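An overview of the molecular structure
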Amino acid sequence: MKNKMPRKALRALLAVLVAGCLCGIGCASASQTDWRALSIGVPLGWSADHFLTAQGLQVYRYDIPSQGVIAMQFGYIDALAVDDLYAPSVIQEFPQFTVMEEPIGSDSLVVQVTPTRQDLLEQINAFIPEFWASEEGQELSARAHAQAFTPNTDIPQHEDGPVIRVTLDTGLGHTPFVYYDFVTDSPQGLDVEFIKHFAWTYGYRIQWADSGWTACAMSVSKGRADIYICAISQYYVKEMSNTGACLCSDPYYDLDLVLLIPKEEGEGT
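This text gives an overview of the structure that appears in the document. (Residues numbered from 1 in each chain as written. Predicted model: local features only at pLDDT ≥ 70, side-chain atom pairs only at ≥ 80, totals over all residues. Heavy atoms only, no water.)

Membership of the largest hydrophobic core comes to 45 residues, with the highest contact counts inside it found for Trp132, Ile164, Leu190, Phe194, Ile227 and Tyr252. Leaving out residues up to four positions away in the same chain, Tyr252 has contacts with Leu109, Val110, Val111, Ile128, Trp132, Leu190, Asp191, Phe194, Ile229 and Ala231. (Core = buried A, V, L, I, M, F, W, Y, C linked by side-chain atoms within 4.5 Å. Buried < 20%, exposed > 50% of the residue type's maximum accessible area, 1.4 Å probe, protein only. Contact = heavy atoms within 4.5 Å.)

Take the packing of helix H6 (residues 135-144) against helix H7 (residues 190-202) next. What describes two packed helices is the angle between their axes and the distance between those same axes. Interhelical geometry of H6 versus H7 gives an angle of 170° and a closest axis separation of 10 Å. The angle between H6 and H7 falls in the class roughly antiparallel. Within the contact between the two elements, H6 uses Glu136, Leu140, Arg143 and Ala144 and H7 uses Leu190, Glu193, Phe194 and His197. Among the residues forming the contact of H6 with H7, the class breakdown is four nonpolar, one polar and three charged. (Axes fitted to C-alpha atoms, helices over the stretch in contact; angles between N-to-C directions. Helix = DSSP H or I, 4+ residues; strand = E, 2+ residues; numbered from the N terminus. Parallel < 35°, antiparallel > 145°, perpendicular 65-115°, else oblique. Nonpolar A, V, L, I, M, F, W, Y, C, P; charged D, E, K, R; others polar.)

Throughout the structure, instances matching the rule amount to seven salt bridges. We note a salt bridge from Arg61 to Asp49, for which the minimum N-O separation is 2.9 Å. Here the residue Arg61 occupies a position in strand E2 (residues 60-62), and Asp49 occupies one in helix H2 (residues 47-54), the gap between them amounting to twelve residues. On the accessibility criterion, Asp49 (6% relative accessible area) is buried. Here Arg117 and Asp119 are joined by a salt bridge, their closest N and O atoms 2.9 Å apart. For Arg117, a relative accessible area of 18% gives the class buried. Relative accessible area serves as the criterion here: at 36%, Asp119 is assigned to the partly exposed category. A single network of salt bridges, built from pairs that share partners, joins Arg117, Asp119, Arg165 and Asp226. (Salt bridge = Lys/Arg side-chain N within 4 Å of Asp/Glu carboxyl O.)

Once that is clear, we can look at the packing of helix H5 (residues 118-133) against H7. For the pair H5 and H7, the least separation of the axes is 10 Å and the interaxial angle reads 110°. Regarding the angle of H5 to H7, the classification is roughly perpendicular. Across the interface between the two elements, Leu120, Gln123, Ile124, Ala126, Phe127, Ile128, Phe131 and Trp132 from H5 touch Leu190, Phe194, His197, Phe198, Thr201 and Tyr202 from H7.

A separate point is a nonpolar patch on the surface. Taken together, the side chains of Ile70, Phe74 and Tyr76 present a nonpolar region at the surface, about 400 Å² in accessible area. Owing to a relative accessible area of 64%, Tyr76 belongs among the exposed residues under this scheme. (Patch = residues over 30% accessible without salt bridge, like charges linked within 9 Å, V, L, I, M, F, W, Y side chains within 5 Å. Areas by Shrake-Rupley, 256 points an atom, 1.4 Å probe, with all protein chains shown as cover.)

Backbone torsion omega between Thr175 and Pro176 reads 5°, so that peptide bond is classified as cis. Considering the arrangement of structural elements, one finds Pro176 in the loop between strand E6 (163-168) and strand E7 (179-181). Phi at Asp185 is positive, roughly 55°, even though this residue is not glycine. Tracing the backbone through its elements, the reader meets Asp185 in the loop between E7 and strand E8 (186-188). In the Ramachandran plot, Ala231 falls in the positive-phi region, its phi being about 55° despite a non-glycine side chain. Looking at where Ala231 falls in the secondary structure, it is placed in strand E10 (residues 227-233). Residue class for Ala231 comes out buried when judged on its relative accessible area of 14%.

Attention now goes to the packing of aromatic side chains. Tallied over the entire structure, the rule returns 17 aromatic pairs. Between the aromatic rings of Trp46 and Tyr86, the centroid separation amounts to 5.0 Å while the plane-to-plane angle is 85°, which identifies the pairing as edge-to-face. Here Trp46 is found in the loop between strand E1 (40-43) and H2, whereas its partner Tyr86 is found in the loop between strand E3 (79-83) and helix H4 (87-93), with 40 residues between them in sequence. Both residues of the pair, Trp46 and Tyr86, belong to the buried class. Geometrically, the ring pair formed by Phe94 and Phe97 is tilted, given 6.2 Å between the ring centres and 35° between the ring planes. The buried category is assigned to Phe97, whose relative accessible area is 2%. Ring pairing ties together the aromatic residues Phe127, Phe131, Trp132, Phe194, Phe198, Tyr202, Tyr204, Tyr252 and Tyr253, which thus form one cluster. (Phe/Tyr/Trp six-rings, centres within 6.5 Å; stacked < 30°, edge-to-face > 60°.)

Structure below.
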C-alpha cells in the first residue's frame, strides 16, 4: 500500500511553492537580473554603443540620449546604457530612474591631435598622470561625479604665447564632459577644464572653435585645429591610427559604463 501525504502537509507545501514562485516573479529587483537579457538602448556612437556592439549584443540605438530616456519611460526598452558621469544628470531630471548597482563595462577617453604635432601629443601624454594626481585634478574629478557639474571659472589663462587651436562640439550636450554654459557664455566641462590646465602648464594660449562632430574631426585631420577633445572614446583609436587621420593620446579619463533602469515600486527617490 502506497503512503499518502496528509492533506494539511500537502496544503502547506503547496503554499510554500506558490509563495516562492510569486516572489521569484515579483520580488527580484532589476539589479538582480542578468543585464544581458534586458532590451538595452544606447545613444548612437557613445562608449556604451561601441562596448555592447563589441560584445555581440543587439541594442536599440537613439540619435540623442533623451530619445532613449523617453523610450525607457514608455517601456519600449528595459534599460539605457550610458557612462557613469552622464547618468546623474538623467536621474536629476528623471527621478523615477536609478543606476544598476554593477557597471557593465568600462571605457577611456582620448585627445585627438593633428598628425603634424607629435610634440604636442608627447606633452599631453606627460601631463595626464601629473594632472590627475594633483589637487586640481582630484577636485575636477569630484565635481564631474556630482549630480550637477559646477564649472571652475578661475583657471588662469595666458594672454600671450604660442597658440593651440582647440575644437569641440558643445552641440552634443554631453554634460559633464563638454557643453555650452549660458551663464558664463562659453564652453565648459571636464574636457574643457583639462585642456585649460594643460595650456596653462605648458604656456599655451587657447583659440577655441565650436563646431559639429564631423567638422571637428576634419579640422584636426587637415591641420586646421591642433586638438579635438570631446569625450572621444578609446574605441576610435585603432580606426584613427589605421587611417593616419590624427594622433591619439594616452587615455586621460576612465569611465564605468552603467545601466539606467526604472526604480522598483516603493524604492526611495
